[in-house]
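So you can see what is in the structure, the chains are spelled out below.
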Amino acid sequence: MVKSTLPQYSELPLRGGLPSSWDVWTAPGARYFGCLNLLTPERVAAAAQLVQRGAVFAMNWNMREPNPPLFGRQGFEHEVTGDDRATSHDDVLHGWNTQSSSQWDGFRHIRNFAAQADEEGTGHYGGVPDEEHGMHHWAQRGIAGRAVLADVGRWRIKIGKPLQYDTADPIEPSELLECLKDQGTELREGDILLMRTGWMQWYMQQSEEVRARLAQPRDLATPGLRSGEATAEALWNMHIAALGADNPAVEAWPPGANSTPEHQAEVRADKRRMHEIFTHTLILPMLGLPLGGMFDLDALADDCARDGRYEGFFTSAPLNLPSGVASPPNALVIK
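Remember, it's a predicted structure, so these values are computed and weren't measured experimentally.

Chemist: Go over the overall build of the protein, please, and point to the residues and values.
Modeler: For the protein, the helix and strand inventory stands at eleven helices and 15 strands. Compactness check: the protein gives a C-alpha radius of gyration of 20 Å against a globular reference of 20 Å for 335 residues, within 12% of the reference. With the principal axes as the frame, the protein shows a C-alpha extent of 65 × 45 × 45 Å. Of all 335 residues assigned to the protein, the portion counted as buried reaches 53%. A fraction of 78% describes how many contacts in the protein between residues 6 or more apart in sequence connect residues 24 or more apart.

Structure, rendered in structure tokens:
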């Protein structure tokens, strides 16, 4: 991995007692983008040179999957206007949640209570007021760069430790780097890292009964990155622009599943420590690293396994929704 010019996690200034990248990028408007600031025109142009065969892989899952939706979110109703006598039809989506399927978590999605208690006061990335964040910032800029796939699911099978898809099976951050090394893949500053666990493929094989159970927040358990500050530190020190994964929450679910009940109770009694069991509260509002969940990575992974190239040109056009919390990625990887 090429040495980065950015500070290491241990060198970041503290806000609310936690490392923060709020002042790493100082250009006007930089606080709306966080690590996306790493997607410079030079890096985008270099990534475009990765297109060799014109093979296109779409990251959006079927909008009706998972079905039923997870985390207590509601499904939407699709109304097609006009009948068979009408000249045209329109789509109307009733009750659509932008996080019910493939998604980017925007910086308005999660706040950090330790930072909220600090002098900036909002708890959202960069100290930006809640209503000023929004997916429209990312949409108007666009997201493009070099994508690198870490096929952790295949790698764990290869080393004889397959992931358990119905439990909070933790993936250590060091395993991401071990997986990339085994693939012969170099991670560079400003890359979009895609982590495939194989969870989505497993989910599609489950019965309606199992899916209904998984839709109950108390019963959902999935593999993912081990929660805790060590994961946030490792991800920051990779100096990637964004992280997308095929599991629901990127982290292992439920929060705190890999810690003791006593530790969970301590954290839940003090929301300023929530990052210890739910690292979203550190990765998004403090480090500014966009997280994507339920990205459809299976076709891309199959192709990478065949040709041995685990990189490609990544593009994403989020919804241009002012003050939007999240968005389908509308992402492609082109090889």
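Chemist: Could you give an account of the nonpolar core, naming the residues involved and the relevant values?
Modeler: Counting residues in hydrophobic clusters, the biggest one holds 84 residues, and the most contacted among them are Met59, Leu176, Leu193, Leu194, Leu243 and Phe314. With five residues, strand β7 (residues 143–151) is the single largest residue contributor to this core. Every residue in contact with leucine 194, bar those within four places of it in the chain, is listed here: Met59, Ala147, Val148, Leu149, Ala150, Gly244, Phe295, Leu297, Leu300, Phe314 and Val333.

Chemist: Go over the side chain of serine 227 with me, naming the residues and quoting the values.
Modeler: Topologically, serine 227 is positioned in the loop between β10 (224–225) and α8 (229–238). A distance of 3.3 Å separates the side chain of serine 227 from the backbone oxygen of isoleucine 277, its partner in a polar contact. Ignoring any residue separated from it by four or fewer positions in sequence, one finds serine 227 in contact with Glu251, Ala252, Glu276, Ile277, Phe278 and Thr279.

Chemist: An account of unusual backbone geometry is needed here, citing residue identities and associated values.
Modeler: A negative phi angle characterises most non-glycine residues, just as the trans form characterises most peptide bonds. Omega for the peptide link from glutamate 65 to proline 66 comes to -5°, which places this bond in the cis form. Residue proline 254 follows tryptophan 253 across a cis peptide bond; omega there is 10°. Even without a glycine there, the phi angle at histidine 239 is positive, about 55°. Mapped onto the fold, histidine 239 is located in the loop between α8 and β11 (242–245).

Chemist: How would you sum up the environment of alanine 242? Please name residues and give values.
Modeler: On the secondary structure map, alanine 242 appears in strand β11. Look at alanine 242 and you get buried, because its relative accessible area is 0%. Considering only alpha carbons, one finds alanine 242 and aspartate 182, 60 residues apart in sequence, at a separation of 22 Å. Every residue in contact with alanine 242, bar those within four places of it in the chain, is listed here: Leu36, Trp104, Asp191, Ile192, Leu193, Leu289 and Pro290.

Chemist: I'd love a proper account of the pairing of β11, names of residues and values included.
Modeler: Side chains Ala242 and Gly244 project from β11 onto one buried face, and the interleaved Leu243 and Ala245 project onto a second face that is buried too. Of the strand pairs in this sheet, strand β9 (residues 192–196) and β11 are connected by four bridges, and their pairing is parallel. Bridge assignment links leucine 193 to a residue of β11, and that residue is leucine 243. The pairing of β11 with strand β12 (residues 291–293) spans two bridges and is parallel. Of the residues in β12, the one forming a bridge with glycine 244 is glycine 292.

Chemist: Account for the packing of aromatic side chains, naming residues and giving values.
Modeler: For the coordinates displayed, the defined rule picks out 13 aromatic pairs. Geometrically, the ring pair formed by tryptophan 61 and tyrosine 203 is edge-to-face, given 5.8 Å between the ring centres and 80° between the ring planes. Of this pair, tryptophan 61 sits in the loop between β3 (56–58) and β4 (77–80) while tyrosine 203 is found in helix α6 (residues 199–204), placing the two residues 142 residues apart along the sequence. The same class applies to tryptophan 61 and to tyrosine 203, which are both buried. Counting every residue linked through ring pairs, the aromatic cluster contains Trp61, Tyr165, Trp199, Trp202 and Tyr203. The positively charged end of arginine 141 is found above the aromatic ring belonging to phenylalanine 33, 4.9 Å away from the centroid.

Chemist: Provide a residue-level description of the environment of glycine 312, including the pertinent values.
Modeler: Take glycine 312: it is sitting in strand β13 (residues 311–316). Once the C-alpha coordinates of glycine 312 and serine 102 are considered, the two residues, 210 residues apart in sequence, prove to be 20 Å apart. Not counting chain neighbours up to four residues away, the residues in contact with glycine 312 comprise Leu50, Gly145, Arg146, Ala147, Val333, Ile334 and Lys335.

Chemist: Kindly report on the pattern of salt bridges, identifying the contributing residues and their values.
Modeler: For the structure shown, the criterion picks out 27 salt bridges. In this structure, aspartate 298 and arginine 196 form a salt bridge, with 2.9 Å as the shortest nitrogen-oxygen distance. Here aspartate 298, found in helix α11 (residues 298–307), pairs with arginine 196, found in strand β9; they are 102 residues apart in sequence, far enough to count as distant. Pair check on accessibility: aspartate 298 and arginine 196 agree, each one buried. Note that aspartate 307 is salt-bridged to lysine 335, the shortest N-O span being 3.0 Å. Note that aspartate 307 is positioned in helix α11 and lysine 335 in the segment after β15 (331–334), a separation of 28 residues in sequence.

Thresholds applied
- Residues numbered from 1 in each chain as written.
- Predicted model: local features only at pLDDT ≥ 70, side-chain atom pairs only at ≥ 80, totals over all residues.
- Heavy atoms only, no water.
- Helix = DSSP H or I, 4+ residues; strand = E, 2+ residues; numbered from the N terminus.
- Rg over C-alpha atoms; globule rule 2.2 N^0.38 Å.
- Buried < 20%, exposed > 50% of the residue type's maximum accessible area, 1.4 Å probe, protein only.
- Contact = heavy atoms within 4.5 Å.
- Core = buried A, V, L, I, M, F, W, Y, C linked by side-chain atoms within 4.5 Å.
- Polar contact = N/O pair within 3.5 Å; in protein donor to acceptor, adjacent residues only side chain to side chain.
- Pairing = 2+ DSSP bridges.
- Phe/Tyr/Trp six-rings, centres within 6.5 Å; stacked < 30°, edge-to-face > 60°.
- Lys NZ or Arg CZ within 6 Å of the ring centre and 35° of its normal.
- Salt bridge = Lys/Arg side-chain N within 4 Å of Asp/Glu carboxyl O.

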